[in-house]
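Read off the chains here:
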Amino acid sequence: MNLPSFSTTLHISTGSSQMSSKMITMSRITSSSSSPPPVKTSITSQPTSLPIRTVPGSYGLPLIGPFIDRLNYAWFQGSEDFFRKRIEKNQSTVFRTNVPPSFPFFLANPNVVAVLDCKSFAHMFDMEVVEKKDILVGDFMPSTKFTGDRRVCAYLDTAEPQHEQIKNFTMDILKRSSTIMIPTLTTLLDTMFDTIESQLPSGPVNYLVPIQKFNFSFLSRVIAGADPENSPDMAANGYIRMDRWLAVQLLPTVPITAFQPLVEIFLHSFPYPHFLVSNDYNKLYEFIEKEGKDVISRGQTEFNLTKEDTIHNLLFTLGFNAFGGFSIFLPSLLSALGSADRRIQENLRQEVREKTGSGLTFRAVNEMELIQSFVYETLRLNPPVPLQYGRARKDFNLSSHDSVFNIKKGELLCGFQPLVMKDPEIFDDPESFIADRFMNKGKELLTYLYWSNGPQNGTPSASNKQCAGKDFVTLTASMFLAHLLMRYDSVTIADGSFSGLEKAKQ
Ligand code: HEM
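Residues numbered from 1 in each chain as written. Predicted model: local features only at pLDDT ≥ 70, side-chain atom pairs only at ≥ 80, totals over all residues.

As its UniProt record puts it under Cofactor (unreviewed entry), the protein is described as follows: "heme". (UniProt positions renumbered as here; feature names shortened; annotations may be inferred.)

S.K.: How would you explain the overall build of the protein if you had to name every residue and give the values?
M.R.: Along its length, the protein carries 15 helices and 13 strands. In the protein, buried positions account for 44% of the 506 residues. (Helix = DSSP H or I, 4+ residues; strand = E, 2+ residues; numbered from the N terminus. Buried ≥ 20, exposed ≤ 12 C-beta atoms within 10 Å, placed from the backbone.)

S.K.: So, helix 5 (residues 208–224): which residues are in play, and what are the values?
M.R.: Taking 1.5 Å of rise per residue, 17 residues should cover 24 Å, and helix 5 covers 23 Å from first to last C-alpha, within 8% of that figure. Where burial is concerned, most of helix 5 is hidden: 14 out of the 17 residues are buried. A positive backbone phi angle near 65° is found at G225, which sits one or two residues after helix 5. (Expected span 1.5 Å × (residues − 1).)

S.K.: Give a description of the packing of helix 11 (residues 342–355) against helix 15 (residues 470–487) that names residues and reports values.
M.R.: It is at 9 Å that the axes of helix 11 and helix 15 come closest, and there the two elements cross at 95°. Viewed along their axes, helix 11 and helix 15 adopt a mutual orientation that is roughly perpendicular. Between helix 11 and helix 15, the contacting residues are L348, R349, V352 and R353 on the first element and A482, L485 and M486 on the second. Counted by class, the contact of helix 11 with helix 15 contains 5 nonpolar, no polar and 2 charged residues. (Axes fitted to C-alpha atoms, helices over the stretch in contact; angles between N-to-C directions. Parallel < 35°, antiparallel > 145°, perpendicular 65-115°, else oblique. Contact = placed C-beta atoms within 7 Å. Nonpolar A, V, L, I, M, F, W, Y, C, P; charged D, E, K, R; others polar.)

S.K.: Which residues make up helix 11, and what are the values?
M.R.: The terminal C-alpha atoms of helix 11, which comprises 14 residues, lie 20 Å apart, in line with the 20 Å expected from a rise of 1.5 Å per residue. The set of residues buried in helix 11 consists of Q345, L348, R349 and V352. The buried residues of helix 11 occupy an angular sector of 100° when projected down its axis, which confines them to one face. Opposite the buried face of helix 11, by more than 90 degrees, sit the exposed residues R343, Q350 and E354. Next to the buried residues of helix 11 lie helix 10 (307–339), helix 13 (369–381), helix 15 and strand 12 (488–494). (Arc of directions from axis to C-beta.)

S.K.: Can you explain the sheet that holds strand 13 (residues 497–503)? Please cite residues and give values.
M.R.: The sheet built from 3 strands is open, its strands ordered 7-13-12 with antiparallel pairing. Each of the sheet's edge strands pairs with one partner strand only, and the pair in question is strand 7 (205–206) and strand 12. When strand 12 meets strand 13, the two strands line up antiparallel, connected through 6 bridges. Opposite Y488, over in strand 13, you have K503 as the bridge partner. (Pairing = 2+ DSSP bridges.)

S.K.: Summarise the confidence of the model for the protein; cite the residues concerned and give the values.
M.R.: Detail in the predicted coordinates should be disregarded across regions flagged by low pLDDT. The pLDDT averaged across the protein works out to 90; a share of 90% of its residues lies at or above 70. Note on residues 1–48: pLDDT under 50 across the span, and 99 contacts to partners over four residues away in sequence or across chains. (pLDDT = per-residue confidence, 0-100.)

S.K.: Lay out the environment of T253 in plain terms, naming residues and giving numbers.
M.R.: Considering the arrangement of structural elements, one finds T253 in the loop between helix 6 (232–250) and helix 7 (262–267). According to the C-beta neighbour criterion, T253 is partly exposed, with 19 such atoms within 10 Å. The spatial distance from the C-alpha of T253 to the C-alpha of F140 is 8.6 Å, given a sequence separation of 113 residues.

S.K.: How would you explain the site of the ligand if you had to name every residue and give the values?
M.R.: Neighbouring the ligand are 27 residues; N321, G325, N453, C467 and G469 lie closest to it. Those elements that place two or more of their residues in the shell around the ligand are helix 4 (161–199), helix 10 and helix 15. Per element, the largest residue contribution to the shell around the ligand is 6 residues, and it comes from helix 10. Here the residues of the shell around the ligand are counted per class, giving 15 nonpolar, 9 polar and 3 charged. (Near = placed C-beta within 6 Å.)

S.K.: An account of the nonpolar core is requested, with residue identities and associated values reported.
M.R.: Inside soluble globular proteins, nonpolar side chains tend to come together where they are buried. Counting 120 residues, the largest nonpolar core has A114, L219, L333, I371, L413 and L481 as the members making the most contacts within it. Ranked by residue count, the leading element in this core is helix 10, at 15 residues. Ignoring anything within four residues of it in the chain, the contact list for L333 reads V375, T378, A477 and L481. (Core = buried A, V, L, I, M, F, W, Y, C linked by C-beta atoms within 7 Å.)

S.K.: Any chance you could break down the UniProt feature "binding site: heme" (unreviewed entry) in the protein for me, citing the residues and the numbers?
M.R.: Under the UniProt annotation, the feature "binding site: heme" (unreviewed entry) is placed at C467. Positionally, C467 belongs in the loop between helix 14 (417–420) and helix 15. With 20 C-beta atoms packed within 10 Å, C467 lands in the buried category. With residues near it in sequence (within four places) discarded, C467 still touches S452, N453 and P460.

S.K.: Describe the pairing of strand 13, naming the residues involved and giving the relevant values.
M.R.: Here strand 7 pairs with strand 13 via 2 bridges, running antiparallel. Bridge pairing links N206 to S497 in strand 13. Counting the residues between successive antiparallel strands, the hairpin from strand 12 to strand 13 contains 2 residues, one of them, D495, with a positive phi of roughly 50°.

S.K.: If you had to explain the sheet that holds strand 9 (residues 396–399) to someone new, which residues and values would you point to?
M.R.: Adjacent strands of a sheet pair through backbone hydrogen bonds, lying either parallel or antiparallel. One open sheet accounts for 3 strands, arranged 3-10-9; its pairing is mixed. Of all strands in the sheet, those with a lone pairing partner are strand 3 (52–53) and strand 9, marking the two edges. Note that strand 3 and strand 10 (residues 404–407) share 2 bridges and pair parallel. Looking at the pairing, I52 lines up with V404 of strand 10.

S.K.: If you had to explain the pairing of strand 5 (residues 111–115) to someone new, which residues and values would you point to?
M.R.: Within strand 5, 5 of the 5 residues are buried, which leaves it mostly tucked inside the rest of the structure. Side-chain alternation along strand 5 places N111, V113 and V115 on one buried face and V112 and A114 on a second face that is also buried. Two elements, strand 5 and strand 11 (residues 412–416), share 2 bridges in a ladder whose sense is parallel. Looking across to strand 11, one finds that V113 is bridged to L413.

S.K.: Describe the packing of helix 4 against helix 15, listing the residues and the values that go with them.
M.R.: Interhelical geometry of helix 4 versus helix 15 gives an angle of 35° and a closest axis separation of 11 Å. When the axes of helix 4 and helix 15 are compared, the crossing they make is right-handed. Contact with helix 4, carried on its side by L174, I182, L185, T186, L189 and F193, involves F472, T476, M479, F480, H483 and R487 of helix 15 and no other residues of that element. (Left-handed = near helix turned anticlockwise from the far one by under 90°.)

S.K.: Can you lay out the environment of C153 for me, pointing to particular residues and giving the numbers?
M.R.: Along the chain, the position of C153 falls in the loop between strand 6 (130–131) and helix 4. Linking C153 and K465, residues 312 residues apart in sequence, is a C-alpha distance of 9.6 Å. When sequence neighbours within four positions are dropped, the list of residues in contact with C153 reads H163, I166, K167, T170 and N313.

Structural data, given as structure tokens:
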């Protein structure tokens, strides 16, 4: 149960770098070819203790405090400014506040202790001090009716035996999928880009829907062994059914600053009943049951799961974890490519073409250091799952960079990744996109890249709650980018659309 590198005294270490609850020192390195800002590489402990401080901030008056915080979070300030302003006000990256959903029709308790720097956030990976039962999206949990009347893997704590069974099953699926991953990905991407190219003469082509279709097809095949092309309904509507199922569960927790106060009154005031999407879910269930027989059978025979548990968990992993995550991540990857200057796109293309002499292989992608760093930097600045939660299993001391706080058993920690990933104590020039930040010495920073609910150089396992798809996600994204840059000599992207694609000269 215990992660050795994240004990209660919080020592985070990779190779030579180490961060303790005491103090941080930095050393500068000479940069790689294109001179990114120097990387802080050495994080070492000092013998002096940090001062103990009471957690600042307050929850305000009952009902009114949470209500005001909710309006600020979802409307007046937006989530990033909401947390940023409270760091300034409390002069601390750890403080008390409320997060939605709350009053009037949610039974959830909105009180949290925000942890907004890399050091305090990392306590949420220590399963000795933090419990993860039913808090995937906070104290509010969507009805289990959305998932076949059962608590699927992401809602299980590591102390629950089923967590181990299902997580091992998920990681096994991914391992086995490696044989079909590359041909499936390249075939589906070629189909997607052929279609986009054919539409380009009429003007810029928005990529959101093509990417969703690609995601649904690719992930159904590699995760569940189920090909949507075998079902006309799934081929046409599978991704839309997934979107609806996701939206109805998550709407209460998603900040929307447009159309206020209507959104607050009508969309954020109560949870939605599952019957709105039960038809979609049943159709998806039937599809997996029919087309994913081999994977289901492995869940039953090798991991001792019931058929129903296997299918509902497969659907959640496929739809919520994978499809949901990639539907946010791949568009942000394209947007990062579109915003990067021409020289960076050229360097990426050159690396890809140098390494793919014998085609796109796992080995080739493994050698593409700039591509990987670009993917990591996109995940740092646009973490697809912005909020993470952890409930204190017992009383313990939580350290930020400058103070220690006593956390009581049962308190809910809440980390907001978009700010944590801009921790100036860890990342130089934290607001800037630096394509080669994670290259060479910069690889040590992977210890502080947390998009997967754990460090990028950590290992997902049954004894932690790190994303089971951590490596699959970065590999798929690297291959996606490599495929694009092999196929085109120039890619122009703006406002969520491809506006120019110049085919590679043979
Ligand atoms: C861009 C895509 C993805 C993102 C951003 C993402 C992100 C995350 C995050 C942040 C968590 C932890 C949630 C929490 O407990 O607070 C998580 C958990 C999980 N993810 Fe992913 N994920 C992605 C793709 C995938 C894929 C492709 C799979 C598997 C096929 C997967 C399987 C899981 C599972 C099973 C868990 C629960 C882990 C556990 O209970 O121990 N995810 N993911």
